[in-house]
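The lines below spell out each chain.
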Amino acid sequence: MGLILMILSLLPLDQFLFHLTVLLQVSPPVFLALFQLKNVEKTPFILALKLIVSLTFMSHGLLCIGVQEVPDQFIWTIHSILGVEGQEAYKVLKIIGLIDLLMSVAIFVNRFTLGIALYMTFWGFSTAMATMIMHTQEAPIWETIHLWGSDFLIHLPNAGMPMSIFYLEKWRNKYLST
């Protein structure tokens, strides 16, 4: 993964963030398969998960604070769900972006890992659901699920990976600290 990140870092920022997001979306099945192996040391595995989750939140945070042009989908989501328009939507996104950046660093502080992982799980699930909620206002629920359910499933690892960190850290604290 380090080699892939080094190669991606040679790209312009907008392409780097896009490819990083795609990389992070396809990594959960790989980690799930690796975790099933009996001889895998759990501590480096947890650290790798933290790195992936941190990079996910960092890339979204950088997009929200406007390191490059804020995606229209982000503005539309804020408008559709919160009813906030124009510059106020950008202000809300900047606050969300700063929180995402803070969480991307705080996940590595062992004292706060469990709480941060729970927050990230909640936020990841909320943002995955955002597209569904947005489009439910426009169409019947079954049509929304049919059209936007795949988008929800693509973004669901944004909640599943932090949840994995939470449970792995709880397991490690319970069994390895005694």
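Our subject is the structure listed above.
Keep in mind the model is a prediction, meaning the values are calculated, not measured.

### Topic: the pattern of salt bridges
Part 1 of the reasoning: The tally for this structure, following the rule as stated, stands at two salt bridges.
Part 2 of the reasoning: E169 is the partner of K50 in a salt bridge, and the nearest nitrogen-oxygen pair spans 3.1 Å. Of the two residues, K50 sits in helix α3 (residues 42-65) while E169 sits in helix α8 (residues 157-175), which places them 119 residues apart along the sequence.
Part 3 of the reasoning: On the basis of relative accessible area, K50 is assigned to the buried category, the value being 4%.

### Observations regarding the packing of helix α6 (residues 113-136) against helix α7 (residues 141-155)
Part 1 of the reasoning: For the pair α6 and α7, interaxial distance at closest approach is 9 Å and the crossing angle is 155°. Classed by the angle they form, the pair α6 and α7 counts as roughly antiparallel. Considering only the axes of α6 and α7, their crossing is right-handed. Note on element contacts: α7 touches α6 through I141, T144, I145, W148, G149, D151, F152 and H155, opposite G124, F125, A128, M129, T131, M132, H135 and T136.
Part 2 of the reasoning: Considered class by class, the residues forming the contact of α6 with α7 number eight nonpolar, seven polar and one charged.

### Observations concerning the packing of helix α5 (residues 86-106) against α6
Two quantities define a packed helix pair, namely the angle between the helix axes and the distance between the axes.
Part 1 of the reasoning: Contact geometry of α5 with α6 gives a least axis separation of 10 Å together with a crossing angle of 140°. Taken together, the axis directions place α5 and α6 in an arrangement best described as oblique. Relative to α6, the crossing made by α5 is left-handed. On α6, the residues that touch I96, I99, D100, M103, S104 and A106 of α5 are I116, Y119, M120 and W123.

### A short note on the nonpolar core
Part 1 of the reasoning: Residues L49, V53, I107, I116, M120 and I165 are the most contacted members of the largest nonpolar core, which totals 16 residues.
Part 2 of the reasoning: Those elements that place two or more of their residues in this core are α3, α5, α6 and α8.
Part 3 of the reasoning: For this core, the leading source of residues is α3, giving six residues.
Part 4 of the reasoning: Contacts of V53, omitting those with residues within four sequence positions, involve M120, M161, P162 and I165.
Part 5 of the reasoning: Judged by nonpolar contacts, the second largest core, of ten residues, contains C64, V70, F74 and I96.

### Examining the packing of aromatic side chains
Part 1 of the reasoning: Here the structure, examined in full by the defined rule, presents two aromatic pairs.
Part 2 of the reasoning: With centroids separated by 5.9 Å and ring planes inclined at 85°, the aromatic side chains of F125 and F152 adopt a geometry described as edge-to-face. Pair noted here: F125 is in helix α6 and F152 is in helix α7, with a separation of 27 residues, a long-range link.
Part 3 of the reasoning: Look at F152 and you get buried, because its relative accessible area is 14%.
Part 4 of the reasoning: Ring centres 5.3 Å apart and planes at 80° place the aromatic pair F166 and Y167 in the edge-to-face group.

About the thresholds
Residues numbered from 1 in each chain as written. Predicted model: local features only at pLDDT ≥ 70, side-chain atom pairs only at ≥ 80, totals over all residues. Heavy atoms only, no water. Salt bridge = Lys/Arg side-chain N within 4 Å of Asp/Glu carboxyl O. Helix = DSSP H or I, 4+ residues; strand = E, 2+ residues; numbered from the N terminus. Buried < 20%, exposed > 50% of the residue type's maximum accessible area, 1.4 Å probe, protein only. Axes fitted to C-alpha atoms, helices over the stretch in contact; angles between N-to-C directions. Parallel < 35°, antiparallel > 145°, perpendicular 65-115°, else oblique. Left-handed = near helix turned anticlockwise from the far one by under 90°. Contact = heavy atoms within 4.5 Å. Nonpolar A, V, L, I, M, F, W, Y, C, P; charged D, E, K, R; others polar. Core = buried A, V, L, I, M, F, W, Y, C linked by side-chain atoms within 4.5 Å. Phe/Tyr/Trp six-rings, centres within 6.5 Å; stacked < 30°, edge-to-face > 60°.

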